[in-house]
Amino acid sequence: HMKRRKRWNNYPPGPVSFPFIGNLLQINFQCPRLALTEPTEKFGKIFSLQVGWKNVVVLNGLEAVKEALVQRSEDFADRPPFSLFDHLGYRKNCEGIMMARYGRGWKELRRFTLSTLRNFGLGKKSLDQRVTEEAGYLCSAFSSKDGHSFNPRFLINSAVGNVMCSLTFGNRFEYNNEKFLRMLHLIEEAFNIGAGIMSQILNMMPWLLYIPGPHHNIFQPYADSFDILREIVKKHKETRDPGFTRDFIDAFLEEIEKAKMDPESTFSEDNLIFTVFDLFGAATETTTVTLCWALLFMLCYPDVQRRVHEEIDKVIGRDRSPEIEDQVNLPYTNAVIYETQRYCDVVFAGVPRTTYRDTEVQGFFIPKGTTIIAVLSSVLKDEMIWEKPHQFYPEHFLDADGQFVKQEAFLPFSAGRRMCLGEQLARKELFLFFATLLQHFTFHIPEGQPRPQEDGCYILIHSPDSYELCAIPR
Ligand code: HEM
């Protein structure tokens, strides 16, 4: 590899790498965000790293990220191979959706998933109804705290998890249902392991799996999550009425039946399990953490909170629940939600891609099979673009008349062929949960507690340090 890299003309520059381990020792694992942005000072916005024997190219800033993900969408549409999961039954055309290789299987699955989630007639209730209903339960749970201080994360996570349960399984759960909490916890744990450093190492050195040791335990949360999901799918098969699609699982079972004669089909029972697992993993933590940031900013910026209250009072009042149609009439509230997503850059390093063929970005040559990291944080905080990139400033999304304006560099869901498939759903949840909570409560820092930290911690995603709030009914 070292030799080949030298022969490539115009390959992006990067730190000198050591044999075998590459740049592993130079990478700042304490702060992955700095590891991806610091080298730009020396090497520019596009630089290369060698991780083990893998070639990695890191893209920073709107221009580079847009050229790669949007203009050369297909060239960057693949995901890195993840042979680690072969062990769990992953194989060609049966690898879930998130890490699926670019090709027919992924395309069919993505099209199916998008249209099924979008399908408003699914089951008895529309998507909007399901989210609005859950927002109501979330408010009741906040009320039951009686103004005492609490960490909102647990309840928000249950509400967000319930929207996914409702869409995929056809029902929601009480927030204290132990099976439900165990499932959410296991999927989160497994998902974090999959994205974590240990699994990256095992992925690079799969022979480690032939040696006994604690690293084998990392598969347990996966196996347990899959068991729970298999049980739910089994129940669905037993109670299914072929004339009536209750939820995502029913819709998927229909596709499996249609594809019975096609052994290569992406619609199989294993892939149903892997896909549902991916949807929960991709949807729950991201949306939960974004909402936790939104409330944290309300604590830190009481003036912003006051303006949101005023706007909601004026446009919706107190007597009816916010609906998705209200969004266009609430430019300030909407700008606060967009600014929350920009400033908190939850998925700060995106999800790794791989080049599908030899290609180039900004004149640099990038060969097929290179791992690509598009640093979304560097776009959301691009100093060439945003007026106050490192401050919470909802005016980024408002024009002089106070009307909402979209921004090209607003890419929290990434862009191009592999961009977030749940954007519509996430948007609905962020708006309806946030607006409903703000309609009902004023949020305070609990007495005697310090102002919560705005920097949080960048590991796999950027989450706030845990904090407490008081929700005072309005
Ligand atoms: C992928 C962000 C919510 C499902 C992604 C990616 C990002 C992202 C940055 C990587 C895209 C890429 O490779 O370019 C977010 C954020 C969310 C959110 C910030 C909430 C605030 C959701 C929800 C769902 C979801 C609610 C479920 C319906 C997915 C899936 C993928 C994905 C399935 C993989 C897509 C593929 O590889 O084709 N998301 N997401 N996400 N997201 Fe989301």
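Rules used in this analysis
- Residues numbered from 1 in each chain as written.
- Predicted model: local features only at pLDDT ≥ 70, side-chain atom pairs only at ≥ 80, totals over all residues.
- Heavy atoms only, no water.
- Donors = N, O, S within 2.8 Å, 3.2 Å for Na, K, Ca; no water.
- Helix = DSSP H or I, 4+ residues; strand = E, 2+ residues; numbered from the N terminus.
- Expected span 1.5 Å × (residues − 1).
- Buried < 20%, exposed > 50% of the residue type's maximum accessible area, 1.4 Å probe, protein only.
- Salt bridge = Lys/Arg side-chain N within 4 Å of Asp/Glu carboxyl O.
- Disulfide = S-S within 2.5 Å.
- Pairing = 2+ DSSP bridges.
- Core = buried A, V, L, I, M, F, W, Y, C linked by side-chain atoms within 4.5 Å.
- Contact = heavy atoms within 4.5 Å.
- Phe/Tyr/Trp six-rings, centres within 6.5 Å; stacked < 30°, edge-to-face > 60°.
- Lys NZ or Arg CZ within 6 Å of the ring centre and 35° of its normal.
- Near = heavy atom within 4 Å.
- Polar contact = N/O pair within 3.5 Å; in protein donor to acceptor, adjacent residues only side chain to side chain.

Inspection of the coordination sphere of the iron atom of the ligand shows a single protein donor, Cys-420 (SG), at 2.3 Å. Within the secondary structure, Cys-420 sits in the loop between helix H15 (376–380) and helix H16 (423–440).

Let's shift gears to helix H12 (residues 269–300). Taking 1.5 Å of rise per residue, the 32 residues of H12 would be expected to cover 46 Å, and the 47 Å separating its terminal C-alpha atoms lies within 8% of that figure. Of all 32 residues in H12, 28 are buried; the element is thus mostly enclosed.

To continue, consider the pattern of salt bridges. Considering all chains together, one arrives at 30 salt bridges under this definition. Here Asp-75 makes a salt bridge to Arg-357, at a shortest N to O gap of 2.5 Å. Of the two residues, Asp-75 sits in the loop between helix H4 (62–71) and helix H5 (104–118) while Arg-357 sits in the loop between strand E3 (353–354) and strand E4 (359–361), which places them 282 residues apart along the sequence. For Asp-75, a relative accessible area of 11% gives the class buried. Taking the relative accessible area as the measure of exposure, Arg-357 reaches 33% and is therefore partly exposed.

With that settled, the discussion passes to the state of the cysteines. Under the criterion given, the structure shown has zero disulfides. Cys-300 provides the cysteine sulfur closest to Cys-470, a residue in no disulfide bond, and the two sulfurs are 14 Å apart. The class of Cys-470 is buried, set by a relative accessible area of 11%.

A separate point is the sheet that holds strand E2 (residues 54–59). Ordered by their spatial adjacency, four strands build an open sheet running E1-E2-E6-E3, and the pairing between neighbours is mixed. Sheet topology places strand E1 (46–51) and E3 at the edges, where each strand pairs with a single neighbour. Both E3 and strand E6 (residues 371–374) contribute to a ladder of two bridges, which runs antiparallel. Note on E6: the bridge partner recorded for Arg-353 is Ile-372.

A few words now on the nonpolar core. Counting residues in each nonpolar core, the largest one holds 128 residues, and the members touching the most others are Phe-142, Phe-169, Met-183 and Phe-443. For this core, the element with the highest residue contribution is H12, accounting for 19 residues. When residues no more than four places from it in sequence are discounted, the contact partners of Phe-169 are Met-164, Met-183, Leu-229, Ile-232, His-236, Asp-247, Ile-249, Val-276 and Phe-280. Residues Leu-36, Leu-49, Val-56 and Val-375 belong to the second largest nonpolar core, which totals 11 residues.

One pass over the full model with this rule turns up 34 aromatic pairs. Taken together, a centroid distance of 5.7 Å and an interplanar angle of 50° make the contact between Trp-386 and Phe-397 tilted. Taken together, the positions of Trp-386 in the loop between H15 and H16 and Phe-397 in the loop between H15 and H16 put the pair 11 residues apart, joining distant regions of the chain. When its relative accessible area of 5% is taken as the criterion, Trp-386 is described as buried. Put simply, the rings of Tyr-90, Phe-191, Tyr-222, Phe-226, Phe-274 and Phe-277 pair up and form one aromatic cluster. Cation over ring: Arg-451 sits above Tyr-301, and NZ or CZ is 5.5 Å from the ring centre.

Taken together, 26 residues surround the ligand, and among them Arg-79, Arg-353, Ser-414, Arg-418 and Cys-420 come closest. The contact in question runs from an oxygen atom of the ligand to an N or O atom on the side chain of Arg-79, over 2.7 Å. One of the side-chain N or O atoms of Ser-414 is found 2.5 Å from an oxygen atom in the ligand. Contributing elements (two or more residues each) for the shell around the ligand: H5, H12 and H16.

Don't take any of this as a statement about function, it's just geometry.
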